[in-house]
Amino acid sequence: MKKITITALLLVGLCVAGSPRAGAQDTSSQSSAADSTAHAMTDQQLALLRRDIRSIKKQLVAANLTLTDSEAAKFWQVYEQYSVETGKINETRAAIIKEYSDEYGTLTDDQADSLIRRWLDTDIELAKLRQRYVPVFRKVLPGKKAATFFQLDRRISMMIDVQLTSQLPLAESQD
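Residues numbered from 1 in each chain as written. Predicted model: local features only at pLDDT ≥ 70, side-chain atom pairs only at ≥ 80, totals over all residues. Heavy atoms only, no water.

1. Section: the overall build of the protein chain
Here comes step 1: A tally of helices and strands in the protein chain yields five helices and zero strands.
Here comes step 2: Counting from the amino terminus, the protein chain carries its helices and strands in the arrangement α-α-α-α-α.
Here comes step 3: Expressed as a percentage of its 175 residues, the buried residues of the protein chain come to 34%.
Here comes step 4: Contacts in the protein chain between residues far apart in sequence, at least 24 positions, make up 81% of those at least 6 positions apart.
Here comes step 5: About 10,700 Å² of surface is accessible on the protein chain, with carbon and sulfur atoms providing 56% of the total. (Helix = DSSP H or I, 4+ residues; strand = E, 2+ residues; numbered from the N terminus. Buried < 20%, exposed > 50% of the residue type's maximum accessible area, 1.4 Å probe, protein only. Contact = heavy atoms within 4.5 Å. Areas by Shrake-Rupley, 256 points an atom, 1.4 Å probe, with all protein chains shown as cover.)

Shown next, in the form of structure tokens:
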């Protein structure tokens, strides 16, 4: 438990330091060329952040899930497949955050409604993905180890969500 706490703090620090919030409240007018460059940097920083988070998440799982050599060989193959599918959902989330950031300051009620509904849809997709993978992980791990993996996966995801969403300004504050 101590291992996950220390590493979780590092993960939280990474999320805060690399948060995409910077563009969300910038209302200064800039040329479209400067806007394109700023957005490209934000996209690049976000891509690096996601890569770092995936790496740290894998390290957290490895540090907190005790696997035999045989279990590890099978587990990490399944984990990589799971990670790819989770990444697709997270790419959708990143696109929603970018859209929110781009529209912040001029966001209409309908846009806000659409954004939150799509964000909630990603929560549902992630829950369904986890449900679909429980029996897959269960084939390569005993029940307690599979359950431990999903506990870790959920905890890490929740910490990332809390850090990320706490860095985004509230929709109503744009008025």
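2. Some thoughts on the nonpolar core
Here comes step 1: Formed by 23 residues in total, the largest nonpolar core has its most connected members in V61, L65, F75, Y82, Y133, F137 and F149.
Here comes step 2: Taken together, the elements giving at least two residues each to this core come down to α2 (32–64), α3 (69–103), α4 (109–140) and α5 (143–166).
Here comes step 3: Leave out the neighbours within four places in its chain, and F75 touches V61, L65, L67, F137, V140, L141 and F149.
Here comes step 4: Listed in part, the nine residues of the second largest apolar core include I96, Y100, L107 and L115. (Core = buried A, V, L, I, M, F, W, Y, C linked by side-chain atoms within 4.5 Å.)

3. A word on α4
Here comes step 1: End to end, α4 covers 47 Å across 32 residues, agreeing with the expected 46 Å (1.5 Å per residue, within 8%).
Here comes step 2: At Y133, α4 shows its strongest bend, of approximately 35°, with the proline P135 following within four residues.
Here comes step 3: Those residues of α4 not exposed but buried are L115, W119, T122, L126, L129, R130, Y133, F137 and V140.
Here comes step 4: Buried positions along α4 lie against α3 and α5. (Expected span 1.5 Å × (residues − 1). Bend = angle between axes of the 7 residues up to and from the residue.)

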